[in-house]
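Here is how the chains run, residue by residue.
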Amino acid sequence: MGKRILIVDDEPNIVLSLEFLMKREGYEVATAGDGEAALEAIAAQTPDLVILDVMLPKMNGFDVCRRVRADPRWRAVPILMLTAKGRESEVSKGLGLGADLYVTKPFSTKELVAQIKGLLAAARDPGGER
Amino acid sequence: MVASVVQEEPPSLDEVMGILDEASQVRAYSHQLEQQSRELEAATAELRAANAQLQELDRMKDDFMSTVSHELRTPLTSIRALSEILHDDPRTALAERKHFLGIILKETERLTRLINQMLDMAKFESGNAEWHTSELDVREVVEEAVDATSQLFREREVDVTISAAGPLRRVRADRDRLMQVLLNLLSNAVKVCAPGEGRVEIGLSEGRSALRVDVRDNGPGIGPADHETIFEKFRQVGETAGARPRGTGLGLAISRRIVEHLGGRIWVESALGQGATFSFELPLEAGPPAAAVERKAAQRAG
């Protein structure tokens, strides 16, 4: 294992539950509470996957996603956008910006864990299905 | 007429009069047309403005729905995730179970509050709200509101004081609604204060015809441009792109509706970096005659 997941959300209770879930799966976890902190955390140590909220202080998740995708070092890092904004226009915006998956809150913990496993497996095997 | 021109005979007086008459009629028509076209232009401009206003309202409604959806989904997300964790992991450590259950309860309360606020707002808007007015000692209600929020103040390490300028007359108001206004102002005040350094001062004073309550905080303050908009529903201060709003944007809008329904007014005085003072006034009864009228009215109603 030893995969490192960055959780970006400004809602402490959601961070707490995600952190618990990811640790239970044996992943290492880093957290960030706003968009700028997320970019700093990514720069400090590139994670294997980012769980990214959209409505964030300082810089929203869409802009974080755009910045990450614009940097060659981070282009391949899987991004799972996790957000309470479920409008279709927002889903397509997120996916258009290069997010790998767009999951709306509230989420099923089992499905989320499965989706993250899938993304990590696909990232390890770039020829695999995304 | 055409025939007369061809024949080059001078037109008769009748014919001249006819032509003049026609010309003046044409002028009148043209004048009328111009007038109508101007009116039409004005009407079109009005329609365009009305349309723009509708679009703005529609956009605000969309934003509101998006905010409400976000605010409803956020606590629900924690509740669902933590419940599933507890449900799937019967061996979760006891301390963790307690911690998670505590969060679930708090988030449930938050969700309940939000739903209640939305229902309240809907009731006020449809005019279906019920009012139960009685003679109230406002200081007592203020003390009760401080009591009800004391945990919030403790958690945030914010000091709260109440001061009253002399004995106060009683006001005629709806106790629960007044409480609602006070709880809203107090929780707003404690939320904007820096934890550990916060100070909230509640002042009670009496003018000739109104009783006034001031809630002063030493938070970041509110710029003059926002002094009115924060009382509009769906509007929140510090609404920067992507930042998570603190609430539904309904608390102050509800408070304004309540205070105005009770015959008073509510406003804020503040500058950025200077903290903020939210104040409201409730009318004091002019004396026994007014009270007697009220009583008679109540008897009739009963």
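Structure: see above.
This structure is a prediction, so every number in the text was calculated from the model and none was measured.

A. Geometry of the overall build of chain B. Looking only at helices and strands, chain B has eight helices and seven strands in total. Burial statistics for chain B: of 302 residues in total, 23% are counted as buried. Residue pairs in contact within chain B that sit at least 24 positions apart in sequence constitute 71% of those at least 6 positions apart.

B. Representation of the environment of A:Val91 in the model. On the secondary structure map, A:Val91 appears in helix α4 (residues 88-96). Spatially, the C-alpha atoms of A:Val91 and A:Thr104 are 8.9 Å apart, while their sequence positions differ by 13 residues.

C. Quick peek at the sheet that holds strand β5 (residues 101-104) of chain A. Residue and element names in this part refer to chain A. The parallel open sheet is built from five strands, whose spatial order is β2-β1-β3-β4-β5. Because the sheet does not close on itself, it has two edges, and the strands there are β2 (28-32) and β5. Between one strand axis and the next, the sheet turns through 20° on average, direction left out of account. In this structure, strand β4 (residues 79-83) lies alongside β5, joined through four bridges in parallel fashion. Each residue of the ladder has a partner; that of Met-81, found in β5, is Tyr-102. Lying on the sheet, helix α5 (residues 109-124) is in contact with β3 (49-52), β4 and β5; it crosses β5 at an angle near 170°.

D. Inspection of helix α4 (residues 138-148) of chain B at higher detail. All names here are of chain B. Of all the positions in α4, only Val-138, Val-142 and Ala-145 are classed as buried. Down the axis of α4, the smallest arc covering the buried residues is 60°, so these residues share one side. Turned more than 90 degrees away from the buried face of α4, the exposed residues are Glu-140 and Asp-147. Where the residues of α4 are buried, they touch β1 (133-136), β2 (159-164), β3 (171-174), α6 (175-192), β4 (199-206) and β5 (210-217).

E. Region of interest: the interface of chain A and chain B. Across the contact, 20 residues belong to chain A and 19 residues belong to chain B. In terms of residue count, the dominant contributor to the side of chain A that touches chain B is helix α1 (residues 12-24) of chain A (five residues). Of the residues assigned to the side of chain A that touches chain B, the class counts are 10 nonpolar, five polar and five charged.

F. Quick look at unusual backbone geometry. All names here are of chain A. With omega at -5°, the peptide bond leading from Lys-105 into Pro-106 counts as cis. Structurally, Pro-106 can be placed in the loop between β5 and α5. Its identity as a non-glycine residue notwithstanding, Lys-58 has a phi of 70°, on the positive side. Relative to the helices and strands, Lys-58 resides in the loop between β3 and α3 (61-70). In this structure Lys-58 comes out as partly exposed when scored by C-beta crowding, with 17 C-beta atoms within 10 Å.

Cut-offs and rules
Residues numbered from 1 in each chain as written. Chains lettered and ligands numbered in written order. Predicted model: local features only at pLDDT ≥ 70, side-chain atom pairs only at ≥ 80, totals over all residues. Helix = DSSP H or I, 4+ residues; strand = E, 2+ residues; numbered from the N terminus. Buried ≥ 20, exposed ≤ 12 C-beta atoms within 10 Å, placed from the backbone. Contact = placed C-beta atoms within 7 Å. Pairing = 2+ DSSP bridges. Axes fitted to C-alpha atoms, helices over the stretch in contact; angles between N-to-C directions. Arc of directions from axis to C-beta. Nonpolar A, V, L, I, M, F, W, Y, C, P; charged D, E, K, R; others polar.

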